[in-house]
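# Per-entry structural report
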Amino acid sequence: MMSSGVRPNQIKGTGLSSGRKMKNSLMAGLMVLATLIVLTPLLLIFYFLIVNGIQSISWDTFTQLPRPEGEEGGGFANAIAGSVIIVGMATLLGVVVGIGGGVMIAEYPEHRLVPAVRLISDVLSGIPAIVMGLVAYTLIIAEFKTFRGFAAALALGFIMIPIVVRTTEEVLKLVPQTVREAGLALGLPKWRVIYSIILPAARSGIITGVMLAISRVSGEAAPLLFTALGSQFWQLNPFSSLGMAALPLEIYNRANSPFPSSLPLAYAASLILVVMVFLTTLIARFATRKK
Amino acid sequence: MQNSRKVLSSRSDQYFKGLILLLGVAIIAIFGLSLYELLVGGWDALKTYGAGFLSNTIWDVPNEKFGALTFIVGTLITSVAALLISVLLAVPAAIFVTEYAPKWLSEPVSYLIELLAAIPSVIYGLWAIVTLVPLVQKLQLAIVMDPNLQKIPWLMSAPTGRGLFTAILVLSIMVIPYTASVARDVIRLVPADQREAAYALGATKWEVISMAILPYARAGIFGGVILSLGRALGETMAVTMVIGNNNAIPHGIFDATNTMASVIATQFQEATSDLQLSSLLGIGLLLFIISVIVNYLARLIIARLTPKGIK
């Protein structure tokens, strides 16, 4: 780095007053200290999750249903399945609308609605998850008194859309203009160029965006609180009026339970959730690395 | 033949464009629909209480008197305090990663900081309940026992370990990665000329940072801070789990209170009257509007005041 170049006044040791030198080292020390403080909670949480989580996970965790409160043992197979179904449905919505929005912004920039779509998508990404839960509640459950899992998926999907839009837009813009021109010069219609040339070229970047959105959304509990509700039973129908279990809800309910025997499964659920989230993040990183 | 193919391709182009526009417009529609639903849902409360909804601190469920001020105050205190703590740590950490750490160290460190953002909010809440709350409780007990500290009124609260202080601690940890990542990106964009010029004048590393880099990156960092504020305002689960859920304005830093998000999280499902439901939706509407404004401002600041290349 250029900062390692030796400066004349350093050689003689005259130019740099000891006060300046001391301040320089003091500040360097403070930055290191701040970084260590920032990393401490991360390490503490990891330690907490791994130590408690591994002790609490067993085969039952993945295969059994929750037992009545106060009883030990049991599992949350229903919550794992519920999370997969809800996040799966949300991903479908997030991917279709998100990629659509990204393509609109990147490929039809002359359209007069493009600035509005971009701005609103940006602003949408900042709206708290719990508010999206309220919206899904008033939109679906207050109207139809049913479709609980679906409402939860809708809320999560809304949260995913702006993330997918942004990454799609950014990777599509990385595809060189000449590629588009080459496609058009071959006589392909514009939609063919986008569908068969540009989207495949940008695939890994778009997958990264989708994975990031999935990892963001699969840990969300707030939008599920009054939509999916949670459940003690096998309830895998997202169009039912009965509550559906999900991992983040499981953690929340057990963490607030007055029975200490509820905690181990909260640890187990947390470890599973964090591993899932980190795996998706890692896959997302890996997908971009390869490019 | 030639002609029909051309017509066909232009028609399929029209269909495709129509589909894409439909999806783009769907995003605008989602935004509009959300605003509309919250407005309709919260209308009863807004009509009944008018402007008093924002200025009233009473939240009386049995008598159906609802005001949001307590929660607005709770949200502001927790977010702003958490933001201050996180800036004090995140900006130096970002400077360390960009200016001090060698490459082999800087990449893993910034990756680790980003991992903080990937941990779900409920897990922060669980961790805080199990490890942080008992610690804060011990601290509170020590304060209550101390004859000198006893006299300070804003330190005195029921020693439950749950309240403003714990919520602020957790929230600041959660906000750090957002502030840090924007600060890091902005600092990286400071042109090398800027650094070299300062070094050429004989500046020490710290002088380069404080005189050449930070002034240049200041606006971008500020935008990042506002963006983090948006995050902190709406943060729900972890805050709900440790803030004590008490519907009263706090008088001390250990007092139990509620934020806008946490009162929705704890009361919406158990709301007993339509008016309570409507009031909670009204708070949701407020949260929606505030986040839109904060986010828009942050993006405006970042776009206006930083050199090209940052979004």
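Residues numbered from 1 in each chain as written. Chains lettered and ligands numbered in written order. Predicted model: local features only at pLDDT ≥ 70, side-chain atom pairs only at ≥ 80, totals over all residues. Heavy atoms only, no water.

Chain B is annotated in an unreviewed UniProt entry as Phosphate transport system permease protein of Deinococcus cellulosilyticus. Quoted verbatim from the Function (unreviewed entry) field of UniProt, the annotation for chain B is "Part of the binding-protein-dependent transport system for phosphate; probably responsible for the translocation of the substrate across the membrane." Taken verbatim from the UniProt record of chain B, the Subcellular location (unreviewed entry) comment is "Cell membrane". (UniProt positions renumbered as here; feature names shortened; annotations may be inferred.)

If you look chain A up in an unreviewed UniProt entry, it shows as Phosphate transport system permease protein PstA from Deinococcus cellulosilyticus. We quote the UniProt Sequence similarities (unreviewed entry) comment for chain A here in full: "Belongs to the binding-protein-dependent transport system permease family. CysTW subfamily." The record held by UniProt for chain A lists under Subcellular location (unreviewed entry) the comment "Cell membrane".

## Regarding the overall build of chain A
Regarding its fold elements, chain A presents twelve helices and zero strands. When the helices and strands of chain A are read in sequence order from the N terminus, they spell out α-α-α-α-α-α-α-α-α-α-α-α. Whereas a compact globule of 291 residues would reach a radius of gyration of roughly 19 Å, chain A reaches 25 Å, over 25% beyond that. Projected onto its principal axes, the C-alpha coordinates of chain A cover approximately 75 × 60 × 35 Å. (Helix = DSSP H or I, 4+ residues; strand = E, 2+ residues; numbered from the N terminus. Rg over C-alpha atoms; globule rule 2.2 N^0.38 Å.)

## As for the overall build of chain B
Looking only at helices and strands, one finds eleven helices and two strands in chain B. Taking 2.2 N^0.38 as the reference for a compact globule, 311 residues should give roughly 19 Å; the C-alpha atoms of chain B span a radius of gyration of 25 Å, well beyond that estimate. Projected onto the principal axes, the alpha-carbon positions of chain B cover approximately 85 × 65 × 35 Å. Across the 311 residues of chain B, 52% fall into the buried class. Taking all contacts inside chain B whose residues are at least 6 apart in sequence as the whole, residues at least 24 apart take part in 72%. Carbon together with sulfur atoms contributes 66% to the accessible area of chain B, which is approximately 13800 Å² in total. If you average the places of the 20 positive and of the 17 negative side-chain charges in chain B, the two averages end up 11 Å apart. (Buried < 20%, exposed > 50% of the residue type's maximum accessible area, 1.4 Å probe, protein only. Contact = heavy atoms within 4.5 Å. Areas by Shrake-Rupley, 256 points an atom, 1.4 Å probe, with all protein chains shown as cover. Lys, Arg positive; Asp, Glu negative; His and termini not counted. Charge placed at Lys NZ, Arg CZ, Asp CG, Glu CD.)

## Examining the interface of chain B and chain A
With 78 residues of chain B at the contact, the number on the chain A side is 85 residues. Here chain B packs against chain A, burying approximately 7600 Å² in sum over the two surfaces, 78% of which is carbon and sulfur. Counting across the interface, chain B meets chain A through one salt bridge. The shortest N-O distance in the salt bridge between Glu207 of chain B and Arg20 of chain A comes to 2.6 Å. (Buried area = accessible area lost by both parts, 1.4 Å probe. Salt bridge = Lys/Arg side-chain N within 4 Å of Asp/Glu carboxyl O.)

## Quick look at a nonpolar patch on the surface
A cluster of nonpolar side chains, Leu119 of chain A together with Leu35, Ile289, Ile293, Tyr296, Leu297 and Leu300 of chain B, forms an exposed patch at the surface whose accessible area comes to about 560 Å². Of all the elements, helix H11 (residues 274-305) of chain B adds the most residues to the nonpolar patch, at five residues. One can find Ile293 of chain B in helix H11. Since its relative accessible area comes to 48%, Ile293 of chain B is described here as partly exposed. (Patch = residues over 30% accessible without salt bridge, like charges linked within 9 Å, V, L, I, M, F, W, Y side chains within 5 Å.)

## Considering the packing of helix H11 (residues 247-255) of chain A against helix H5 (residues 121-145) of chain B
Here H11 of chain A crosses H5 of chain B at 20 degrees, and the two axes come no closer than 9 Å. Classified by the angle their axes make, H11 of chain A and H5 of chain B are roughly parallel. H11 of chain A and H5 of chain B meet at a crossing whose hand is left-handed. Every residue of H5 of chain B that contacts H11 of chain A at Pro248, Ile251, Tyr252 and Ala255 of chain A is listed here: Val122, Ile123, Leu126 and Ile129 of chain B. Considered class by class, the residues forming the contact of H11 of chain A with H5 of chain B number eight nonpolar, no polar and no charged. (Axes fitted to C-alpha atoms, helices over the stretch in contact; angles between N-to-C directions. Parallel < 35°, antiparallel > 145°, perpendicular 65-115°, else oblique. Left-handed = near helix turned anticlockwise from the far one by under 90°. Nonpolar A, V, L, I, M, F, W, Y, C, P; charged D, E, K, R; others polar.)

## Quick word on the UniProt feature "transmembrane region" (unreviewed entry) in chain B
When the UniProt feature table is mapped onto this chain numbering, "transmembrane region" (unreviewed entry) sits at residues 20-46, 66-97, 109-130, 164-187, 208-229 and 280-302 of chain B. End C-alpha atoms of residues 164-187 of chain B are separated by 33 Å, and the span's content is 100% helix alongside 0% strand.

## A look at unusual backbone geometry
Residues and elements named next belong to chain A. Positioned with a positive phi, Lys145 is a non-glycine residue whose angle comes to about 60 degrees. Within the fold, Lys145 resides in the loop between helix H6 (129-144) and helix H7 (148-174). Here Lys145 falls in the exposed class, since its relative accessible area comes to 61%. For Phe147, which is not glycine, the phi dihedral falls at a positive 65 degrees.

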